[in-house]
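One-letter residues, chain by chain:
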Amino acid sequence: MGGKPFQSKLEPHYDLISEARRNRQTWQAIVELLAANGVTTSRPAVFSFMKRRRKRRYAFGMEPDEPVLPIVTEPSPRSEKLLESPNLSELPPPPSEFETDPLSLPPKVKTKSMWTVLKPNQNS
Amino acid sequence: MLEGILAWARFAGVPAAIVDCDGEHLTLSKRFPEAAFVDATRSRDEFLQLMSSMPDSPLSVADFPAQATEFLLDSMQSLRVLDALESNGTRITVLMFAADDPTATASMAKTYRALGNRVDYIVVKNPARFRSRLFDESALAELFRNSKVPVIELPAITATTLQQINAASAELRRHLTFAEAVKRQGLHQMCRFEIEHFLNRVYVQCEDAARVLLPDPALIKNKVTRLPELLARKPVDEFQPLNIHE
């Protein structure tokens, strides 16, 4: 029971169909486009073909090359600011040695007075 | 002794700032719960903060641990405490506890050598801790006598009275001062009289030493009533002891 595996007649036109869909053409318009290219088919058949094609699992080593698409992201406000910042000819100054050392505990700051003033004749 | 000075200040109507720096005994903070304990001899930082936050009070009393003499003298020298206080019109008075043991006398000598006449002194004689005349016969005592350094002699208090004060303190769950204990009806009358005698003697001597305790003795609002000479015990003629004529 061997033999050649089934291949859809739409397979040679995959790129054409994909291009048409990217151009927001309807499935019916694609059927008519294929008819103009000598391929007689139906709207559900084209839809099913594209659905199967998207889910296709390839044998090892037979995968089609992934298209390398450029990654375009919206610029963040911060990066815009960075772009606007001038080019510095010098490096920023090193942190001051008088700033708080992150590894040392801050000194105890006495907020309450250490001394207590006894008013005269409180207990005597 | 500091308790006696504070009791006198209250009696005399003089506000006094206090701080307890003796973590071993906590004498001041036990008897005056308002007083904070500050571990000022732990580091020079703490000592600096304490001295720089001294309030504008006619009398400020700090109790330091006896074993911290070296630390205090070194800190005072490096921080130039005397210069700083002098610019504020403040003068330190050091209590010199007359004692017999070599450690205490060495501490006194170090203190005088370091501070000299830039501070005032009061010699405190506590009969409970001072039995021989070793100090009185020393050159330092002679120097103090010549400089008219005030001497405060603490009257001895019997163990019975001290026990009654401790019992009353335990009952109240707080340490009573002598000034509070003398008003306790629960104490035997003779014990109260003894405490009263102690306080009277301390008040009189503190008032006499006011020139080194206060910036101006005129700050005393309530003076001690002195016994007239008539009530003082008359001397006995050694050769005719019974020759008494009223």
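Please read all numbers here as calculations on a predicted model, not as lab measurements.

A. Highlighting the packing of aromatic side chains. Counting across every chain of the model gives nine aromatic pairs over all chains. Seen from their ring centres, Tyr112 of chain B and Tyr121 of chain B are 5.5 Å apart, and the 40° between their planes marks the pair as tilted. Seen from their ring centres, Phe178 of chain B and Phe198 of chain B are 4.8 Å apart, and the 70° between their planes marks the pair as edge-to-face. Of the two residues, Phe178 of chain B sits in helix α9 (residues 178–181) while Phe198 of chain B sits in helix α10 (residues 189–208), which places them 20 residues apart along the sequence. Take Phe198 of chain B: its relative accessible area is 9%, and that puts it in the buried class. Aromatic ring contacts, followed pair by pair, group Phe47, Phe64 and Phe71 of chain B into a single cluster. Just above the ring of Trp27 of chain A sits the side chain of Arg21 of chain A; from NZ or CZ to the centre is 4.0 Å. Over the aromatic face of Tyr14 of chain A sits the side chain of Arg53 of chain A, whose NZ or CZ is 3.9 Å from the ring centroid.

B. Local environment of the interface of chain B and chain A. Residue-level contacts link 29 residues of chain B with 13 residues of chain A. Together chain B and chain A conceal approximately 1,900 Å² of surface at their shared face, both sides included; 57% is due to carbon and sulfur atoms. Interface area lost by chain B to chain A is led by Arg10, Glu34 and Gln49 of chain B, which between them contribute 30%. Counting across the chain B and chain A interface gives zero salt bridges. On the surface where chain B and chain A come into contact, there are four residue pairs in polar contact (both at pLDDT 80 or more). Of all elements in the fold, only α1 (2–12), β1 (16–20), α3 (44–52), β2 (59–63) and α9 of chain B reach the threshold of two or more residues within the side of chain B that touches chain A. Residue composition of the side of chain B that touches chain A, grouped by class: 19 nonpolar, four polar and six charged. Note: strand β1 (residues 116–118) of chain A against β1 of chain B, three bridges, orientation antiparallel. Directly across from Val117 of chain A, in β1 of chain B, lies its bridge partner Ala17 of chain B.

Cut-offs applied
Residues numbered from 1 in each chain as written. Chains lettered and ligands numbered in written order. Predicted model: local features only at pLDDT ≥ 70, side-chain atom pairs only at ≥ 80, totals over all residues. Heavy atoms only, no water. Phe/Tyr/Trp six-rings, centres within 6.5 Å; stacked < 30°, edge-to-face > 60°. Helix = DSSP H or I, 4+ residues; strand = E, 2+ residues; numbered from the N terminus. Buried < 20%, exposed > 50% of the residue type's maximum accessible area, 1.4 Å probe, protein only. Lys NZ or Arg CZ within 6 Å of the ring centre and 35° of its normal. Contact = heavy atoms within 4.5 Å. Buried area = accessible area lost by both parts, 1.4 Å probe. Salt bridge = Lys/Arg side-chain N within 4 Å of Asp/Glu carboxyl O. Polar contact = N/O pair within 3.5 Å; in protein donor to acceptor, adjacent residues only side chain to side chain. Nonpolar A, V, L, I, M, F, W, Y, C, P; charged D, E, K, R; others polar. Pairing = 2+ DSSP bridges.

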